[in-house]
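Now for the letters of each chain:
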Amino acid sequence: MKSSNKGKDFCVFALPGLFCFLAVVMVPFIYGIYLTLTDWNGVSSVKNFVGLSNFAAVMRDAQFWKSLLLTFKYVIAVVVLVNVIAFLLAYILTRGIKGQNFFRAGFFTPNLIGGIILGYIWQQMINAVLLKYETTLVANPTYGFWGLIILMNWQMIGYMMIIYIAGLQNVPVDLVEAARIDG
């Protein structure tokens, strides 16, 4: 490539991507940071600069800490369960069982369904079960928490299973044989 074309090539190939990144990611990110430093309520046109007082107020709010703890519980439960179950399924489905491709496709299918549709489906199913016990997701938040964990596991296990299958299938046969010999 000639050195005189480097600037032209940069403009043709990199500038459109750079522009999109700036317009879609960086500008909204910086604007969001600016909004956290104001007292804007999300509706009015008045945005008074208040500095870090919003952050100080959040740190004193007990509901914030309760929500943060609940979020950590959710993340830990979903990450651990998705990875453990997906690995076990991948291990089982790489052992050459009959119909393994059917099971792989079946476990991956929930990942293809949109999140909003899954939310509505699971909300209806869980509420139908809870109505037999005279409660709903809205009446008891604990059910909503566990419902979200079940939903995310159901949706993401197949995706992670495919990744683990790809990894397990790429382990060299001689390495597996050596491991068997070594015990």
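Placed above this text is the structure.
The structure presented is a predicted model; accordingly, all values stated were derived computationally and were not measured.

Caption draft 1: Fine view of the overall build of the protein chain. Per the secondary structure count, the protein chain includes 7 helices and 0 strands. Along the protein chain, from the amino end to the carboxyl end, the secondary structure elements read α-α-α-α-α-α-α. For 183 residues, the compact-globule estimate of 2.2 N^0.38 gives 16 Å, and the protein chain exceeds it by more than 25% at 25 Å. Overall, the protein chain is about 75 × 70 × 35 Å in size when its C-alpha atoms are taken along their principal axes. A total of 183 residues make up the protein chain; the buried ones form 17% of that total. Across the protein chain, the fraction of contacts at a sequence separation of at least 24, relative to all contacts at a separation of at least 6, is 55%. When the accessible surface of the protein chain is summed, it comes to about 13700 Å², and 72% of that surface belongs to carbon and sulfur atoms.

Caption draft 2: Seen up close, the packing of aromatic side chains. Scanning the model with the defined rule gives 6 aromatic pairs in all. Measuring from centroid to centroid gives 5.5 Å for F87 and Y164, while their planes differ by 90°, and the two rings are edge-to-face. In this pair, F87 is assigned in helix α3 (residues 62–92) and Y164 in helix α6 (residues 141–169), connecting sequence segments 77 residues apart. With a relative accessible area of 25%, Y164 lands in the partly exposed category. A cation sits over an aromatic face here: K47 above W40, 5.0 Å from the ring centre.

Caption draft 3: Molecular detail of unusual backbone geometry. Unusually for a residue other than glycine, E134 sits at a positive phi of about 60°. Secondary-structure assignment places E134 in the loop between α5 (115–131) and α6.

Caption draft 4: Looking closely at the nonpolar core. Among the nonpolar cores identified, the biggest contains 13 residues, and V82, A86, I149, I157, M161 and I165 are the most heavily contacted of them. Secondary-structure elements contributing two or more residues to this core are α3 and α6. Not counting residues up to four positions away in its chain, the partners in contact with A86 are L81, I157, M160, M161 and Y164. If you look at the next biggest cluster of nonpolar residues, it comprises 6 residues, including W122, I126, L130 and L151.

Caption draft 5: How the structure looks around the side chain of T135. Turning to its location among the elements, T135 is positioned in the loop between α5 and α6. Setting aside its immediate chain neighbours within four residues, T135 contacts L130, N140 and Y143.

Caption draft 6: Structural context of the packing of α3 against α6. Where α3 contacts α6, the two axes come as close as 7 Å, and the packing angle between them is 40°. In terms of orientation, α3 and α6 fall into the oblique class. In this structure, the crossing between α3 and α6 has a hand that is right-handed. Tallied by class, the residues present in the contact of α3 with α6 amount to 23 nonpolar, 2 polar and 1 charged.

Caption draft 7: Region of the structure containing the environment of L89. Structurally, L89 is set in helix α3. For L89, a relative accessible area of 16% gives the class buried. C-alpha separation for the pair L89 and I30, spaced 59 residues apart in sequence, amounts to 42 Å. Beyond its immediate stretch of four places on either side in the chain, L89 contacts F107, I157 and M161.

Caption draft 8: Representation of the side chain of N153 within the structure. For N153, the location among the structural elements is in helix α6. Residue N153 is classed as buried on the basis of its relative accessible area, which comes to 6%. The residues touching N153, leaving out its near neighbours within four places in the chain, are V78, L81 and V82.

What counts, and where the lines are drawn
Residues numbered from 1 in each chain as written. Predicted model: local features only at pLDDT ≥ 70, side-chain atom pairs only at ≥ 80, totals over all residues. Heavy atoms only, no water. Helix = DSSP H or I, 4+ residues; strand = E, 2+ residues; numbered from the N terminus. Rg over C-alpha atoms; globule rule 2.2 N^0.38 Å. Buried < 20%, exposed > 50% of the residue type's maximum accessible area, 1.4 Å probe, protein only. Contact = heavy atoms within 4.5 Å. Areas by Shrake-Rupley, 256 points an atom, 1.4 Å probe, with all protein chains shown as cover. Phe/Tyr/Trp six-rings, centres within 6.5 Å; stacked < 30°, edge-to-face > 60°. Lys NZ or Arg CZ within 6 Å of the ring centre and 35° of its normal. Core = buried A, V, L, I, M, F, W, Y, C linked by side-chain atoms within 4.5 Å. Axes fitted to C-alpha atoms, helices over the stretch in contact; angles between N-to-C directions. Parallel < 35°, antiparallel > 145°, perpendicular 65-115°, else oblique. Left-handed = near helix turned anticlockwise from the far one by under 90°. Nonpolar A, V, L, I, M, F, W, Y, C, P; charged D, E, K, R; others polar.

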